[in-house]
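So the chains spell out like this:
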Amino acid sequence: MFEWLGIGHLVKLTAGEAVLGFLTPLFVFVAFFVLQLVLPAKRVPGYVVDSETGQPRSYRLNGLLVFVVAQVLWWFELTGMPRDWFYRSSLYAVAGGTVLAVVMTLIAVFSQPEGDVRSKFLACWLGRAQEMQFFNDRIDLKMYFYIVGGTMLSLNAFSGAIWHYDNFDDPNPGAYLFAAFFTFYVFDYFVFERVQLYTYDVIYERLGFKMFWGALIVYGWMFIIPMWGMAAHADPSHPGAWRYLWLIVTPVLFVVGWCISRGANMQKYTFKRWPERAFLGIKPEIIEAGERKILCSGFWGASRHPNYLGEGFYGLALALSWGHLGNLWAWVYFGYVLALFSYRQMDDDKRCAEKYGPDKWAEYRRRVPYRIIPRIY
C-alpha cells in the first residue's frame, strides 16, 4: 500500500530503527521540556485573566532561544542522530507520538474536575482545563506545545530536504523552498511569540486530544506531509524562463501571505493592548459592544478573518514550490488549510456573536461583509 501511495521509502527501516522511530517523539518531548525549563526566559502578561488573582496570566517565554539551540544541536549533529532521521522515521514517529498524545490527554483530562463537559468522549477530545502550568509556572503547557510543534516542523522539513539532496543527482529546489518557507514561518512566530498570547488557541482552546495531538504531532510532524511524497521526486525540469518564473513567483506568494497574516495579527495585538493607538498609520475604527470593542478598520475592515487569507497564500506557495502541479501530494497542506479555516471562520463567527451580542455582531457583518477574501468571499 505504501508503495502505491508513493511513500514506500518511509517504511524501509530495520526493526530496531522502527522502534527508535516510534520512540523518537518521547525523546523529543523530554528534550524540549528540559530546554524550555532551564534556558533563560522573559516573563510577560497575556490576554487571559487568571481566575485566582483577577490579573492577566503571566507567561514565561523563551521560544526563540529554544528554537535556535535546537537548530544548532540538529544541524551540527550534536544529538547523535543523522540529519535525515526525522524524515526517514516520519511514519513511525507519528504513530508513537499519537500514542503519547493519547496518554497525556487522559492524564490531563481526568486529573481535572468534570466541569461543564459531561461526556467523557467530548472531555477527551476538547479537554476540560484551559490552562496548565508547571514548576512554579516556569512552563505553560500551551506555549510548550507551540515550541515543540514549531521547531519540529522546521527540523522535519529540513530533514526531508536533506534526504532528497542525498538521493538525487538533480535535486528539486522546491524541496529547499518548502523547508525554508516553513522555517521562516515558525521563526517569525518565535520572534513575535508574545502575540500568540492574544490568539484564539491560547484564549479559548481547552487542553484535550485535539490540542495535544494537533499542536505536537500534526503541527510538528504532519504539516510536512507534502514532503513525504514529494521528496521522492526529482527536479521537474521546467524549460527556460518557466523555471525561473516558478522559483520567483512562489517566494512572492509566500511573502504576500506573510504580510497579510502578520499584519492582521499585529494590528489585532496592538488594538488589544493599546486600543487608541494607530497601526501602520491606520486609526482604529470600532463598534461598541458594551464594555467590548470590535475592530473594523485596516485588515479587519477588509474581511472578518484576514489572517486566514494570509495562511491561504502560505499554503498555495508551499504547493507550487515543488513545480509538480499534477501531483496530489504537493497540494495536501493547501487542502488542509482550506478545510481548517473554512470551518474555523464559521466557528469564530458563532463565538463572536455570543461574545459581542448578536445585534452588534450583525452590525459588524454588515459593515465587513466578506468572511476571508475581500470582495469575493
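Residues numbered from 1 in each chain as written. Predicted model: local features only at pLDDT ≥ 70, side-chain atom pairs only at ≥ 80, totals over all residues. Heavy atoms only, no water.

Visitor: Explanation requested: unusual backbone geometry in the structure shown.
Guide: Glycine aside, the phi torsion of most residues is negative, and most peptide linkages are trans. A positive phi angle, near 65°, is found at Asp 137, a position not held by glycine. With respect to the secondary-structure elements, Asp 137 resides in the loop between β3 (133–134) and β4 (139–140). One non-glycine residue, Arg 375, adopts positive backbone phi at about 70°. Along the chain, the position of Arg 375 falls in the segment after α16 (358–367). The exposure class of Arg 375 is exposed, given its relative accessible area of 72%. (Helix = DSSP H or I, 4+ residues; strand = E, 2+ residues; numbered from the N terminus. Buried < 20%, exposed > 50% of the residue type's maximum accessible area, 1.4 Å probe, protein only.)

Visitor: I'm lost on the environment of Ala 278 in this one. Help?
Guide: Relative to the helices and strands, Ala 278 is located in the loop between α12 (240–273) and β5 (286–289). Between the C-alpha atom of Ala 278 and that of Glu 193, which follows or precedes it by 85 residues, the distance is 21 Å. Apart from the residues lying within four places of it in its own chain, the contact partners of Ala 278 are Lys 283 and Pro 284. (Contact = heavy atoms within 4.5 Å.)

Visitor: Please explain the pairing of strand β1 (residues 42–49) as it appears in this structure.
Guide: Where β1 meets strand β2 (residues 56–61), five bridges bridge the pair, whose relative direction is antiparallel. Bridge pairing in β2 links Arg 43 to Arg 60. In this structure, the hairpin formed by β1 and β2 is closed by a connection of six residues, where Gly 54 is found at a positive phi of approximately 75°. (Pairing = 2+ DSSP bridges.)

Visitor: Just checking my understanding: could you explain the side chain of Asp 50 for this structure?
Guide: Along the chain, Asp 50 turns up in the loop between β1 and β2. For Asp 50, a relative accessible area of 16% gives the class buried. Those residues in contact with Asp 50, other than ones at most four positions away along the chain, are Gln 55, Pro 56 and Arg 57.

Visitor: Help me out: how do you make sense of a nonpolar patch on the surface in this one?
Guide: Taken together, the side chains of Val 19, Leu 20, Phe 22, Leu 23, Leu 26, Phe 27, Val 30, Val 34, Val 38, Val 99, Val 103 and Ile 107 define a hydrophobic patch exposed on the protein surface, amounting to about 1000 Å² of accessible area. Listed by contribution, the elements that provide at least two residues to the nonpolar patch are α2 (15–38) and α5 (90–110). Looking at which element gives the most residues to the nonpolar patch, the answer is α2, with nine residues. Relative to the assigned elements, Leu 23 resides in helix α2. On the accessibility criterion, Leu 23 (33% relative accessible area) is partly exposed. (Patch = residues over 30% accessible without salt bridge, like charges linked within 9 Å, V, L, I, M, F, W, Y side chains within 5 Å. Areas by Shrake-Rupley, 256 points an atom, 1.4 Å probe, with all protein chains shown as cover. Salt bridge = Lys/Arg side-chain N within 4 Å of Asp/Glu carboxyl O.)

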